[in-house]
Amino acid sequence: MVSSLPHPTTPAGRDGLAALLARPEQAVVALDFDGTLAEIVPDPEQARAHPGAVAALAALAPRIASVVVVTGRPAGVAVRYGGFAGVPGLDRLVVLGHYGAERWDAATGTVTAAAPHPGVAAVRAELPGFLDRHGAWPGVWIEEKGRAVAVHTRRAVDPEGAFEALKGPLGDLAARHGLVLEPGRMVLELRPPGMDKGVALASYLRETDAGSVLYAGDDLGDLPAFAAVEKLRADGVPGVLVCSGSSEVPALADRADLAVPGPAGVVDFLTDLAEAVAEAPRS
């Protein structure tokens with residue numbers, strides 16, 4: 001094994017990594033985008049994958065069953081911001097956008113999508129006036145996400161205060177339109193029920209009949225994916241949980257088998273993992 005490859009701190013994580021290295025052709029590596037492959041930035045439209053991310057993924061992907069990016073962003077946006085299209089070595093990359101409601105396959109270069117939920121359009125129309133009536137804090141702004149709508153508080157004078165003040169009212173608004181509220185890192189997303197990273201990941205892993213899985217994320221929205229991997233481990237499928245470290249989300253770090261320092265740490269880990277897979281003896 002590559003000496004610099006970090007070792008998971010839990011027995012389940014060590015078993016998961018050992019299984020991945022022993023049978024990489026059966027392994028799926030799944031990754032969140034924002035905060036994991038890309039730094040969190042004040043304006044989400046300016047987010048881009050870490051400069052080393054594509055090279056690390058291109059080195060790893062041909063040696064395993066597949067790489068899948070699971071994100072709340074539209075699939076096409078994640079592909080564009082990630083720079084994933086047309087990259088040699090990434091021909092088996094899949095991007096599950098909008099928590100699996102959209103899918104981009106590198107093999108075809110096309111996006112397939114389910115029908116949109118009508119509640120999103122209703123919330124989109126109502127949200128600006130709703131925020132005004134609830135005394136929206138200066139710096140709070142709305143992000144249009146196509147199949148979801150998000151309210152960001154990171155630019156507010158008191159981001160956490162704005163987040164807490166709006167969480168209850170936005171939860172009520174979401175419920176009224178048949179949606180759910182997903183809290184994140186200074187963002188509150190209103191989206192259809194039944195759409196989360198755990199559902200998307202579990203469906204993809206069933207499709208691929210994965211023999212092992214590694215999932216890396218950074219936010220509360222990644223907890224369902226962590227839970228999906230934990231369920232698979234209980235069912236006998238080895239897995240590794242990686243936290244792209246953040247002091248904002250200790251709940252994720254507490255569940256992880258391994259923590260790395262943000263997207264730069266994720267890229268270093270993926271690079272080392274590609275080398276370890278190439279060097280490891282096969283069972």
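In the block above lies the structure referred to throughout.
Computed from a predicted structure; not experimentally measured. (Residues numbered from 1 in each chain as written. Predicted model: local features only at pLDDT ≥ 70, side-chain atom pairs only at ≥ 80, totals over all residues. Heavy atoms only, no water.)

Chemist: Help me out: how do you make sense of the sheet that holds strand β3 (residues 94–97) in this one?
Modeler: Strand pairing in a sheet relies on backbone hydrogen bonds, with the paired strands running either antiparallel or parallel. The strand order across the open sheet formed by eight strands is β5-β4-β3-β2-β1-β10-β11-β12, and the pairing between neighbours is mixed. Strands at the two margins of the open sheet, each flanked by one partner only, are β5 (110–113) and β12 (258–260). Across the sheet, the axes of successive neighbouring strands diverge by a mean angle of 20°, strand direction being ignored. Note: strand β4 (residues 102–105) against β5, four bridges, orientation antiparallel. Bridge pairing in β5 links E102 to A113. Set on the sheet, helix α3 (residues 75–82) makes contact with β3, β4 and β5; between it and β4 the angle comes to about 40°. (Pairing = 2+ DSSP bridges. Helix = DSSP H or I, 4+ residues; strand = E, 2+ residues; numbered from the N terminus. Axes fitted to C-alpha atoms, helices over the stretch in contact; angles between N-to-C directions. Contact = heavy atoms within 4.5 Å.)

Chemist: Which parts of the structure should I look at to understand the side chain of D219?
Modeler: Within the fold, D219 resides in the loop between β10 (212–217) and α7 (223–234). No salt bridge is formed by the buried D219; its nearest oppositely charged neighbour, R185, is found at 5.2 Å. At a separation of 3.3 Å, a polar atom in the side chain of D219 contacts the main-chain amide nitrogen of R185. Once residues lying within four places of it in the same chain are set aside, the contact partners of D219 are G184, R185, V249 and L252. (Buried < 20%, exposed > 50% of the residue type's maximum accessible area, 1.4 Å probe, protein only. Lys, Arg positive; Asp, Glu negative; His and termini not counted. Salt bridge = Lys/Arg side-chain N within 4 Å of Asp/Glu carboxyl O. Polar contact = N/O pair within 3.5 Å; in protein donor to acceptor, adjacent residues only side chain to side chain.)

Chemist: Quick question: what am I supposed to make of the packing of helix α6 (residues 197–208) against α7 here?
Modeler: Helices that pack against each other are described as a pair by the angle of their axes relative to one another and the distance between those axes. At their nearest, the axes of α6 and α7 sit 6 Å apart, and the two run at 40° to each other. Judged on the interaxial angle alone, α7 and α6 are oblique. Here α6 and α7 pass one another in a crossing that is right-handed. On the side of α6, the interface is formed by K197, G198, L201, A202 and L205, while α7 contributes P224, A225, A228, V229 and L232. (Parallel < 35°, antiparallel > 145°, perpendicular 65-115°, else oblique. Left-handed = near helix turned anticlockwise from the far one by under 90°.)

Chemist: Would you mind showing me how to read the pairing of β4 here?
Modeler: Within a regular strand, side chains alternate between the sheet's two faces. Pairing between β3 and β4: four bridges, direction antiparallel. Directly across from V94, in β4, lies its bridge partner D105. Counting the residues that bridge the hairpin from β3 to β4 gives four residues, and of these H98 lies at a positive phi of roughly 50°. The turn joining β4 and β5, which pair antiparallel and follow one another in sequence, is formed by four residues; a positive phi near 70° is taken by G109.

Chemist: Is there a simple way to explain the environment of L5 in this structure?
Modeler: Here L5 is to be found in the segment before α1 (11–22). For L5, a relative accessible area of 1% puts it in the buried group. Along the backbone, L5 and A276 are 271 residues apart, and their C-alpha atoms lie at a distance of 7.5 Å. Dropping the residues within four chain positions of it, L5 is found in contact with L17, F269, D272, L273 and A276.

Chemist: What is the right way to look at the packing of aromatic side chains in this model?
Modeler: By the definition in use, this model includes two aromatic pairs. A centroid spacing of 6.3 Å and a plane angle of 90° characterise the contact between F33 and F84, whose relative ring orientation is edge-to-face. In this pair, F33 sits in the loop between β1 (27–31) and α2 (53–60) while F84 sits in the loop between α3 and β3, placing the two residues 51 residues apart along the sequence. Judged by relative accessible area, which is 0%, F33 ranks as buried. Seen from the ring of Y81, R48 lies directly overhead, with NZ or CZ sitting 4.1 Å from the centre. (Phe/Tyr/Trp six-rings, centres within 6.5 Å; stacked < 30°, edge-to-face > 60°. Lys NZ or Arg CZ within 6 Å of the ring centre and 35° of its normal.)

Chemist: Could you clarify how one ought to interpret the nonpolar core in this entry?
Modeler: Generally speaking, a soluble globular protein has its nonpolar side chains buried in company with each other. Membership of the largest hydrophobic core comes to 47 residues, with the highest contact counts inside it found for L37, F84, L270 and L273. The greatest single-element share of this core, amounting to eight residues, is contributed by helix α9 (residues 262–279). Once you skip the residues sitting within four places of it in the chain, L270 turns out to touch V29, L31, L37, A56, L57 and L60. The next biggest cluster of nonpolar side chains, apart from the first, holds 21 residues, and it includes L96, L201, Y215 and A225. (Core = buried A, V, L, I, M, F, W, Y, C linked by side-chain atoms within 4.5 Å.)

Chemist: What is the right way to read helix α4 (residues 118–133) from this model?
Modeler: Taking 1.5 Å per residue as the helical rise, α4 with its 16 residues ought to reach 22 Å, and the 23 Å between its terminal C-alpha atoms agrees with that figure. The axis of α4 is deflected most strongly, by about 45°, at L127, and proline P128 appears within four residues downstream. Burial in α4 covers these residues: G119, V120, V123, L127, F130 and L131. In this fold, the buried residues of α4 make contact with β6 (141–144), β7 (149–152), α5 (159–176) and β9 (187–191). A positive backbone phi angle near 65° is found at G135, which sits one or two residues after α4. (Expected span 1.5 Å × (residues − 1). Bend = angle between axes of the 7 residues up to and from the residue.)

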